[in-house]
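Below, each chain spelled out in residue letters.
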Amino acid sequence: MNRRKELFRALGVTSVALATLFTLSTTSGASSSGTIAKGQPVLIGASLSLSGDFSADGTAFQQGYELWAADQNAKGGLLGHKIDLKIVSDASSATQVVTNYQDLISSDHVNLTFGPFSSLLTLPAAKAVSRYGYAMVEGAGGAPSVFQAGLTNVFDSALPVASGLVPFAQWIASLPKSQRPKTIAYVTSTDPFTEPQIPVAEKIIKAAGVKTVYYKTFPAEATDYTPIADAVASANAQVVILGSVDVPTVSAFMQAFEQAHYNPKAFIATAGPDQGAAFTKAVGLANADGMMVPNAWFGGSKNAQSEKMVAEYIKKYGGTAADVNADVAEAYSVGQVITAAVKATGGFDNTKIIKYLHSGVTIQSVLGPVKFNSLGENIKPTAFTFQWQGSNFVEVNPATDPGATKILYPKPAWKN
Amino acid sequence: MNGTALIHSIIDGILTGSVYALMATGLTLIFGVMNIINVAQGIFVILGAYLSYALSVHFGIDLFVGLAITIPTLFLVGIVVERVFLSRIKGPEKVVMSILVTYAISLVIEGILNMVFSVNYVELQAWYVDRSVRVFGYWLPYIYLLGFALAVVLLGALYFMLYRTRFGASVRASLADQTSAALVGINVKNVSTICFGIGIAVTAAGGMIYGATNAFNASSSYDLISRLLVIIVLGGMGSIGGALAAGVFMITVEDMVSVIWGPVWSSLTFFLILVIILSVRPQGIFGKLEARLA
């Protein structure tokens, strides 16, 4: 009797397992068929951090995705199908982001997926999406860890993060000896976006004879930056490179430096100052003067597609070009990459989209040209350094670039 | 290691820790009297910060002067929340249910704050926020000194209320044994409501200092609540003295570790201390029932 029970139980378990496998295979099959019935919308799913630590960036990404969808729908959608975006919040959680993409694919049956915000979330998200055979085009997962995971479905339209600080480091190294700073401090959050940037810059700056007087990392979950910033201030370096992922981190360091009456000659943060009004509102426009940030895009970019997007953004949300968060453009470019891939492949087949994006094709976007290498990194963008100068956010180097403005050096005194 | 930086970290820790202690005091008072774990305390701190922000930006009211409005406002908010939601929680599952209910309250408030103020970070501004004074060679920020003074005054007022007033005696009696307190004529229900109001009111002050020293949005509450819970668990759930000691102790040690071994070890140390102390004294530093208000 017991043996029969065990047999039935084993059969039951096997049936459930087979049913699950069948469901998964048919779900993947549905995505790879790549056809959508006439008159039906194309459903694109994305998980964004609409609350939690990355909520400001996540919301800017949502604006970028929605702006692109509205523009594309005005042109007739994708291959005649209206675009419906299904955006869910992951609360900045690396666990929730996986659940979200699994649900978007297996329950909501989205046709395509767009990436989340930050490298921290992109890696687990891309792995989850990869299991279903979906492509993940994203604009905020440029850390080396994302590309070293052996995934073939992830494509980052933005600047690979490791090279972000190179123009700044090269500018420091190029200064005449009399102007070149003698000391530098590096302080960075333990985040896959920030940490890889620092050693690349340090190598160039060290070779130019600039002495490192402080190099420390702080946990990404830190809430009290005062002792860290005070320690940096007491090292009294002439230049500070801060590996930050958000506005509060930069704001806390700026405030602590000012309170310690310490004003480095140059101060660059890996993220925060590129967030337009979100940055100046937090730190005060006057104090933003001289603050620098690396990126591949800014609101004043002369790229025609970018100018059009910025005009549309201002029309919808108000403000000026300097107020537009770089996240908006990064998200918008994701939509443009997918538009090109769908048009070129003539459908929504993720396998064909992945193959197309790996084909070495160059796609034009608001960020400039996009071309992916075998790892999914965009090999086309040029890294720039941007600086707040008064109420303007301007490109300052590479100095050889025709669009570059003269760098404000030394940085003006704190003004609050 | 730089000796100057180490002394500076101790000063930073004491000044910042007192503000955390003030925020944690509300949390521990609520737990002590009501057996409720208010995980919405973090969002009430942020609500206090946003109220100060609104008064400052829209009406030009100084951050400290504004407390005359924000503290009573949050007291009333606390009274309403307690009467409408928390007073209905009864029975053996009260503590667990309170976590769920206060979490739900926190999500609702977070959603409202995001709608009203957007998710963009803001920071409170006043002439004293970025300035500092030099004392024995150390630059001490005015905002931290003022925050420390505010914490001392409010904690002193709370102490006076608990030990020198008739209401305070009712609170202490309710804390010791609610049934006995009711038998001697104390209206335990009213005492609980007022204590919840007070617990939330102190977040107005904590929120103002937090908002002046950190760029914040509604989601900043998540970072806060984990720290506040650690402080009250370490100090002893329900012990105001414990919250004060643990707040100052934890933040000071964390700041010192940041300077001695590096910032990356500071958060780890924060939680390591909690584990070590709880393994020796599971009830926390001041966690004995008879010493809850010590």
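Within each chain, residue numbers correspond to sequence positions counted from 1 in written order. Each chain is given a letter, starting from A, and each ligand a number, starting from 1, according to the order in which they appear as written. Given that this is a predicted model, residues contribute local features only at a pLDDT of at least 70 and side-chain atom pairs are listed and counted only at 80 or more, while totals for whole chains, interfaces and linings are drawn from all residues. As a rule here, side-chain values come from all non-hydrogen atoms in the structure, and water together with hydrogens is ignored.

### Describing the overall build of chain A
Just so we agree on the cut-off: Only DSSP runs of H or I with at least four residues qualify as helices, and only runs of E with at least two residues qualify as strands; both kinds are numbered from the N terminus onward. Only C-alpha atoms enter the radius of gyration, while the globule expectation follows 2.2 Å times N to the 0.38, with N the number of residues. When accessible area is computed with a 1.4 Å probe and restricted to protein chains, residues below 20% of their type maximum are described as buried, those above 50% as exposed, and intermediate ones as partly exposed. Working rule for contacts: check all heavy atoms of both residues, and any pair within 4.5 Å makes them a contact. The method behind every accessible area is Shrake-Rupley, applied with a 1.4 Å probe, and residues are considered shielded solely by the protein chains displayed. A positive count includes Lys and Arg, and a negative count includes Asp and Glu. His and the chain ends are not counted in either. To locate a charge, take atom NZ for lysine, CZ for arginine, CG for aspartate or CD for glutamate.
Of the regular secondary structure elements, chain A holds 14 helices and 14 strands. Against the globule reference of 22 Å for 416 residues, chain A gives a C-alpha radius of gyration of 23 Å, in line with a compact fold. Overall, chain A is about 85 × 55 × 35 Å in size when its C-alpha atoms are taken along their principal axes. Here chain A, with 416 residues, has 57% of them falling under the buried criterion. Of all intrachain contacts in chain A linking residues separated by at least 6 positions in sequence, the fraction that spans at least 24 positions is 70%. On chain A, roughly 15900 Å² of surface is accessible, and the fraction owed to carbon and sulfur atoms is 57%. Taken as two groups, the 31 positive and 30 negative side-chain charges of chain A have centres that lie 6 Å from each other.

### What to know about the interface of chain B and chain A
Stated precisely, the cut-off is as follows: Once two parts are put together, the accessible area they lose, assessed with a 1.4 Å probe and summed over both, is termed the buried area. Each salt bridge in this description consists of a side-chain nitrogen of Lys or Arg and a carboxyl oxygen of Asp or Glu lying within 4 Å of one another. Under the rule applied, a polar contact is a pair of N or O atoms within 3.5 Å (in protein, one hydrogen donor and one hydrogen acceptor; residues adjacent in sequence only if both atoms are side-chain atoms).
Taken residue by residue, the interface counts 41 residues in chain B and 35 residues in chain A. Taking both sides of the interface into account, the surface hidden between chain B and chain A amounts to around 3100 Å²; carbon and sulfur atoms contribute 49%. It is B:Y121, B:D130 and B:P263 in chain B that bury the most area against chain A; as a group they hold 22% of the surface buried on that side. Remark: the boundary between chain B and chain A carries zero salt bridges. The tally of links from chain B across to chain A stands at 13 residue pairs in polar contact (both at pLDDT 80 or more).

### Comments concerning the pairing of strand 9 (residues 266-269) of chain A
Residues and elements named next belong to chain A. Our working definition: Here, any two strands with at least 2 DSSP bridges between them count as paired. The crossover handedness rule: strands pointing away from the viewer, path from first strand over the helix to second strand clockwise, crossover right-handed.
Residue alternation in strand 9 divides its side chains into two sets, A266 and I268 and F267 and A269, and both sets are buried. In this sheet, strand 9 lies alongside strand 8 (residues 239-243) in parallel orientation, the contact comprising four bridges. Considered in strand 9, the bridge of V239 is made with A266. Taken together, strand 8, helix 9 (residues 247-259) and strand 9 constitute a β-α-β crossover, and its handedness is right-handed.

### A look at the packing of helix 9 (residues 221-235) of chain B against helix 10 (residues 240-260) of chain B
All names here are of chain B. Definition in use: Here an angle of 0 to 180 degrees is reported between the N-to-C directions of two axes, which are lines fitted to C-alpha atoms, with helices fitted over the stretch in contact. Roughly parallel means an angle under 35 degrees; roughly antiparallel, over 145; roughly perpendicular, 65 to 115; everything else is oblique. It is the rotation of the near helix from the far one that decides the hand of a crossing: anticlockwise by less than a right angle makes it left-handed, clockwise makes it right-handed. In this count, Pro and Cys sit with the nonpolar residues alongside Ala, Val, Leu, Ile, Met, Phe, Trp and Tyr, while Asp, Glu, Lys and Arg are called charged and the others, Gly among them, polar.
Interhelical geometry of helix 9 versus helix 10 gives an angle of 120° and a closest axis separation of 8 Å. Accordingly, the angle class assigned to the pair helix 9 and helix 10 is oblique. Taken as a pair, helix 9 and helix 10 cross one another with a handedness that is right-handed. Across the interface between the two elements, R227, V230, I231, L234 and G235 of helix 9 pack against G242, A243, A246, G247, F249, M250, I251 and E254 of helix 10. In the contact of helix 9 with helix 10, the residues fall into eight nonpolar, three polar and two charged.

### Describing the sheet that holds strand 1 (residues 42-48) of chain A
All names here are of chain A. What the five strands build is an open sheet, ordered 2-1-3-4-5; its pairing is parallel. The two strands at the open ends of the sheet, each matched to only one other strand, are strand 2 (83-89) and strand 5 (154-156). Here the strands of the sheet are splayed against their neighbours by 25° on average, with no regard to which way each runs. Of the strand pairs in this sheet, strand 4 (residues 136-138) and strand 5 are connected by three bridges, and their pairing is parallel. Its bridge partner lying in strand 5, M136 is registered against V154. Strands strand 3 (112-114) and strand 4 of the sheet are contacted by helix 13 (residues 326-345), whose axis makes an angle of about 155° with strand 3.

### Describing the pattern of salt bridges
All names here are of chain A. Counted according to the given criterion, the structure contains six salt bridges over all chains. Note that D84 is salt-bridged to K82, the shortest N-O span being 2.7 Å. Of the charged contacts in the structure, one is a salt bridge between K86 and D108, with a shortest N-O distance of 3.9 Å. Separated by 22 residues along the polypeptide, K86 in strand 2 and D108 in the loop between helix 3 (94-106) and strand 3 bring together distant segments of the chain. Classification of K86 by relative accessible area gives partly exposed; the value is 32%. What makes D108 partly exposed here is its relative accessible area of 28%.

### A look at the confidence of the model for chain B
All names here are of chain B. Condition: Confidence of the predictor at the level of single residues is given by pLDDT, which spans 0 to 100.
Per-residue pLDDT for chain B has a mean of 89; in total, 97% of the residues score no lower than 70. Helix 11 (residues 266-280) is the least confidently modelled element of chain B, averaging 84 in pLDDT, while helix 3 (residues 63-84) averages 97, the highest of any element. Overall, residues 290-294 carries pLDDT values under 50, and its contacts beyond four positions in sequence, including any with other chains, amount to 21 contacts.

### A closer look at the environment of B:D255
Here B:D255 lies in helix 10. Under the relative-accessibility criterion, B:D255 is labelled buried at 1%. Residues B:D255 and B:Y50, 205 residues apart in the sequence, show an inter-C-alpha distance of 27 Å. Filtering out sequence-adjacent residues up to four positions away, B:D255 remains in contact with A:D224, A:P227, B:S9, B:D12 and B:G13.

### Points about the domain arrangement of chain A
Interface size, as often reported, equals the accessible area lost upon joining of the parts. Residue and element names in this part refer to chain A. So the rule is basically this: For every domain, the bounds stem from an assignment made automatically or drawn from a database.
Domain annotation for chain A reports domain 1 (36-160 + 305-370) and domain 2 (163-300 + 383-397). Each of domain 1 and domain 2 has a C-alpha centre, and the two are 29 Å apart. Taken together, the contacts link 25 residues of domain 1 with 21 residues of domain 2. When the two sides are added together, the surface that domain 1 and domain 2 hide from each other amounts to roughly 1700 Å², 59% of it contributed by carbon and sulfur. When the buried area of domain 1 at its contact with domain 2 is split by residue, L159, A322 and A326 rank highest and sum to 28% of it. Applying the counting criterion to the domain 1 and domain 2 interface returns zero salt bridges. Where domain 1 packs against domain 2, one counts six residue pairs in polar contact (both at pLDDT 80 or more). Going through the elements one at a time, helix 2 (55-74), helix 4 (119-130), helix 5 (144-147), helix 12 (304-317) and helix 13 are the ones with two or more residues in the side of domain 1 that touches domain 2. Here the side of domain 1 that touches domain 2 gets four residues from one element, more than from any other, and that element is helix 13. Here the side of domain 1 that touches domain 2 is composed, by residue class, of 16 nonpolar, four polar and five charged.

### Describing the packing of aromatic side chains
Rules: Each Phe, Tyr or Trp ring (for Trp, its six-membered ring) is paired with any other whose centre lies within 6.5 Å, and the angle between the two planes then decides the class: stacked below 30 degrees, edge-to-face above 60, tilted in between. By the criterion adopted, a ring carries a charge over it if an Arg CZ or a Lys NZ lies within 6 Å of its centre and within 35 degrees of its normal.
Counting across every chain of the model gives 28 aromatic pairs over all chains. Judged by centre distance (4.9 Å) and plane angle (70°), the ring pair of B:Y50 and B:F216 falls under edge-to-face. With a gap of 166 residues between them, B:Y50 in helix 2 (residues 41-59) and B:F216 in the loop between helix 8 (188-213) and helix 9 connect regions that are remote in the sequence. Across the pair, B:F216 and B:Y50 agree in class, each one buried. Of the aromatic side chains, those joined through ring pairs into one cluster are A:F54, A:F61, A:Y65, A:W68, A:F114 and A:F117. One Lys or Arg, B:R227, reaches over the ring of B:Y20 and ends 5.9 Å from the middle of that ring.

### With respect to the nonpolar core
For the record, the criterion: Here, the term nonpolar core denotes a set of buried Ala, Val, Leu, Ile, Met, Phe, Trp, Tyr and Cys residues that are joined through side-chain atoms within 4.5 Å.
Core analysis: the largest hydrophobic core is formed by 82 residues, its most contacted members being B:Y20, B:V33, B:F44, B:I46, B:L113 and B:F216. Per element, the largest residue contribution to this core is 13 residues, and it comes from helix 8 of chain B. Not counting residues within four places of it along the chain, the set of residues in contact with B:V33 comprises B:V171, B:L175, B:Q178, B:V191, B:S192 and B:C195. By size, the runner-up hydrophobic cluster in this structure holds 69 residues, among which are A:V310, A:A326, A:Y332 and A:I363.

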